[in-house]
Amino acid sequence: MAEPMKIRATLQGDVADVRVLMAHPMETGQRKDAAGKLVPLHFIQTITVQLNGRTVVDCQISQGVSRNPVFSFRIKGGARGDKITVAWQDNKGDSSSIDAAVA
């Protein structure tokens, strides 16, 4: 089960500034545990951002991102009350999403 995410979406003119904290271990596959064995890869692979159900950002990332990453997106054409949805899926099939209204 994925850990909770936090999101904030604010409007600056007609641009929605979205910040999202994704709670995830983001293991690179290069770190060793206490027994000296490599900790297996576990990282977010895809992120999708939707504005009122329409995909506006669709990206792929790799294991080179820090634990509990924070991502920021600027979306043109936003308005107060618009629904922003951010979702991710990792290399083990886990996923999470969160919704927010633009303030």
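Anything mentioned here points back to the structure above.
Residues numbered from 1 in each chain as written. Predicted model: local features only at pLDDT ≥ 70, side-chain atom pairs only at ≥ 80, totals over all residues. Heavy atoms only, no water.

S.K.: Quick one: what's the story with the pairing of strand S3 (residues 44-51), residue by residue and with numbers?
M.R.: Across seven bridges, the pairing between S3 and strand S6 (residues 83-90) is antiparallel. When the bridges of S6 are listed, Val-49 appears paired with Val-86. (Pairing = 2+ DSSP bridges. Helix = DSSP H or I, 4+ residues; strand = E, 2+ residues; numbered from the N terminus.)

S.K.: Before we move on, can you summarise the nonpolar core with the specific residues and values?
M.R.: Judged by nonpolar contacts, the single largest core of 23 residues is most densely connected at Val-20, Met-22, Ile-47, Val-49, Phe-73, Ile-84 and Val-86. Of all elements in the fold, only strand S1 (5-12), strand S2 (15-22), S3, strand S5 (70-76) and S6 reach the threshold of two or more residues within this core. Look past the residues within four positions of Val-20 in its chain and what remains in contact with it is Met-5, Lys-6, Ile-7, Pro-69, Val-70, Phe-71, Phe-73, Val-86 and Ile-98. (Core = buried A, V, L, I, M, F, W, Y, C linked by side-chain atoms within 4.5 Å. Buried < 20%, exposed > 50% of the residue type's maximum accessible area, 1.4 Å probe, protein only. Contact = heavy atoms within 4.5 Å.)

S.K.: Kindly report on the sheet that holds strand S4 (residues 54-60), identifying the contributing residues and their values.
M.R.: Taken in spatial order, the four strands make up an open sheet running S4-S3-S6-S7, and their pairing is antiparallel. Only two strands of the sheet have a single neighbouring strand rather than two, namely S4 and strand S7 (95-101). Averaged over all pairs of adjacent strands, the angle between their axes in this sheet comes to 15°, without regard to strand direction. Where S3 and S4 come together, six bridges link them in antiparallel fashion. In the sheet register, Gln-50 faces S4, and the bridge partner there is Thr-55. (Axes fitted to C-alpha atoms, helices over the stretch in contact; angles between N-to-C directions.)

S.K.: Describe the environment of Asn-52, with residues and values.
M.R.: Mapping Asn-52 onto the fold places it in the loop between S3 and S4. Using a relative accessible area of 47% as the deciding quantity, one classes Asn-52 as partly exposed. When near neighbours in sequence (up to four residues on either side) are disregarded, Asn-52 contacts Asp-82 and Lys-83. Here the side chain of Asn-52 touches Asp-82 through a polar contact of 3.2 Å, side chain to side chain. (Polar contact = N/O pair within 3.5 Å; in protein donor to acceptor, adjacent residues only side chain to side chain.)

S.K.: Would you mind going over the sheet that holds S1 in detail, with residue names and values included?
M.R.: The three strands are arranged S1-S2-S5 in an open sheet whose pairing can be described as antiparallel. Strand pairing shows two members of the sheet lacking a second neighbour, S1 and S5, which therefore form its edges. Each strand axis lies, on average, 15° off the axis of its neighbour in the sheet, ignoring direction. Sheet topology note: the S1/S2 ladder contains eight bridges and is antiparallel. In the strand pairing of S2, Lys-6 is matched with Leu-21.

Purely geometric numbers; function is a separate question.
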